[in-house]
Amino acid sequence: MFLAVTAITVDATYPGPGPTVGCGGSTNELAFGGQCVAVQGPTAPTRPATFHPWLTGLPTAPPACTPYQVTEWATGIATDSWSWRGSFWTLGGQRVPVLRSTPLEDTGWMWEVYCGTGAGIRYVGFQQLPRRPDPCSLATPAASCLPGFNPGSFRAAVEGRVPPEQILATPPNSGLVGVPVDLLLRPTPVTEQAIINVTVPDLGDGDLGEGIHVEWIVQAVPQGVVWTHPDGTTTSVGSWIPQVEEQNGYLVATVTYSVQAFGFWSNGVNVYQLPPQEVGSIRVVARIPYGIQQVQSNLG
């Protein structure tokens, strides 16, 4: 019995959105003869910059064994002072420099995929592109750049830091007509604050996949105390001289806090302040029963 052996030419393409393995050669019923090239697919840039061609789409893979170039972007680090100091790593016998992207500059390796005898990948150089990190787009006025600002949640966060108040009165339980009453609050109202951390998209570079850390400091500042006495009179000072007898009355203290938020963000090198914002106000009310007695009311 005779089996015919037929040679068939093959040409494998790169499937998917980026290159993986490309082959060129021939095959028959018994064996494959040819060459395959494994290629690292292009990665999305670690720290994209504005108006560069790779913002609009990744390189597309041509048919197998058609030479092309692709840039692979280096991993970013948090400092802008890093610089290449002559370190190398090796790929297929090629010396390739160790690169890093910084907060203000993307750095990437440029690779050439080539075909024919000894097909493979060749390092042909590197490129650097500036970036402009910003939590707001270029079209947003500086005064309107408020990433992560949320008045309701900010006020609720700092309200949880404001303590309840107690009234200390002298005399402690009830007063007398014509006798001064001294009033104090415990604890003494002081400025309280909450720190809100949020992550927002990096709109300055147009890459919604990257985030920028924003910190808001929310402060509640006491604006003073209003005292309401059992006879209905009010004052802002902690002393009062009762003029009439009162039964079943109350001493009431109302503390008003004004709430402001101060925002900050960093591009990894410099810290920038966002416009301060009014968040609202907080009221804390304390009360105690307090009656006023008349001594020797029949005299005169």
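Let us look at the structure shown here. These figures come from a predicted structure and were not determined experimentally. (Residues numbered from 1 in each chain as written. Predicted model: local features only at pLDDT ≥ 70, side-chain atom pairs only at ≥ 80, totals over all residues. Heavy atoms only, no water.)

## Here's the deal with the state of the cysteines
Put simply, the rule is: Pairs of cysteine sulfur atoms within 2.5 Å are identified as disulfides in what follows. Relative accessibility decides the category of a residue: with a 1.4 Å probe and only protein chains considered, values under 20% of the type maximum give buried, values over 50% give exposed, and everything between is partly exposed.
Scanning all chains against the criterion turns up 1 disulfide. The partner cysteine of C136 in its disulfide is C145, sulfur to sulfur 2.1 Å. Linking C136 and C145, the disulfide has an S-S dihedral of approximately 95 degrees and is accordingly described as right-handed. Both residues of the pair, C136 and C145, belong to the buried class.

## Notes on the side chain of D106
Rule in force here: Each helix is a run of H or I in the DSSP string that is no shorter than four residues. Each strand is a run of E no shorter than two, and both are numbered from the N terminus. Here a polar contact means two N or O atoms within 3.5 Å. Within protein one must be a hydrogen donor candidate and the other an acceptor candidate, and residues neighboring in sequence count only if both atoms are side-chain atoms.
Tracing the sequence through the fold places D106 in strand β7 (residues 105–114). Within the structure, the side chain of D106 is placed 3.5 Å from the side chain of S101, a separation counted as a polar contact.

## With respect to the side chain of E192
The cut-off we apply is this: In this count, Lys and Arg are taken as positive residues and Asp and Glu as negative ones, while His and the chain termini are left out. Should a side-chain nitrogen of Lys or Arg be within 4 Å of a carboxyl oxygen of Asp or Glu, the pair is scored as a salt bridge. Whether two residues are in contact is decided by their heavy atoms, any of which lying within 4.5 Å being enough.
Its place among the elements puts E192 in strand β12 (residues 192–202). As a buried residue without a salt bridge, E192 has its nearest oppositely charged side chain in R161, at a separation of 6.4 Å. If we skip the residues at most four places from it in the chain, E192 touches V158, R161, V162, P163, V218, Q219 and A220.

## Some points on a nonpolar patch on the surface
What counts is decided by this rule: The patches reported here contain residues having more than 30% relative accessible area and no salt bridge. Joining distances are 9 Å for like charges and 5 Å for nonpolar side chains (Val, Leu, Ile, Met, Phe, Trp, Tyr). Only the protein chains shown count as cover for residues, with accessible areas throughout obtained via the Shrake-Rupley method and a probe of 1.4 Å.
A cluster of nonpolar side chains, L176, V179 and V295, forms an exposed patch at the surface whose accessible area comes to about 210 Å². Mapped onto the elements of the fold, V179 is located in the loop between β10 (174–176) and β11 (181–186). Judged by its relative accessible area of 33%, V179 falls in the partly exposed class.

## Some thoughts on the packing of aromatic side chains
Note the threshold: Stacked, tilted and edge-to-face pairs are distinguished by plane angle, under 30 degrees for stacked and over 60 for edge-to-face with tilted covering the rest, among Phe, Tyr and Trp rings (Trp via its six-membered ring) whose centres lie within 6.5 Å. Whether a charge lies above a ring is judged from NZ of Lys or CZ of Arg, which has to be within 6 Å of the ring centre and within 35 degrees of the ring normal.
Counting across every chain of the model gives 7 aromatic pairs. Residues W111 and Y123 carry aromatic rings whose centres are separated by 5.7 Å and whose planes lie at 65 degrees to one another, so their mutual orientation is edge-to-face. Pair noted here: W111 is in strand β7 and Y123 is in strand β8 (residues 120–130), with a separation of 12 residues, a long-range link. Y123 gets classed as buried once you look at its relative accessible area, which sits at 17%. Site record: aromatic cluster; members linked through ring pairs are W89, W109, W111 and Y123. If you follow R95 out to its NZ or CZ, it ends over the ring of F88, 4.0 Å from the centre. Against the face of Y250 rests R287, its NZ or CZ located 5.5 Å from the ring centre.

## Focus: the sheet that holds β11
Convention followed: Strands are treated as partners if at least two bridges between them are detected by DSSP.
Reading across from one edge, β9-β11-β15 is the order of the 3 strands in this open sheet, with antiparallel pairing throughout. For this open sheet the edge positions go to β9 (166–170) and β15 (239–240), each flanked by a neighbour on one side alone. Judged from the 5 bridges that link them, β9 and β11 form a sheet pairing that is antiparallel. Bridging from a neighbouring strand, I167 pairs with L185 of β11.

## Notes on the nonpolar core
Using the following cut-off: Residue types Ala, Val, Leu, Ile, Met, Phe, Trp, Tyr and Cys, when buried and joined through side-chain atoms within 4.5 Å, form a set referred to as a nonpolar core.
Within the largest apolar cluster, 37 residues are counted, with the highest numbers of intra-cluster contacts made by V214, W216, I282 and Y290. When contributions to this core are tallied by element, the ones reaching two or more residues are α1 (151–159), β9, β11, β12, β13 (207–228), β16 (250–266) and β18 (277–289). Counting 9 residues, the second-largest nonpolar core is a separate cluster that includes V70, A74, V96 and L99.

## Comments concerning unusual backbone geometry
For the peptide bond that leads from T170 to P171, omega is 0 degrees, which places it in the cis range. With respect to the secondary-structure elements, P171 resides in the loop between β9 and β10. With omega at 0 degrees, the peptide bond leading from R186 into P187 counts as cis. One can find P187 in the loop between β11 and β12.

Everything listed here is a matter of coordinates, which is why it stays silent on function.
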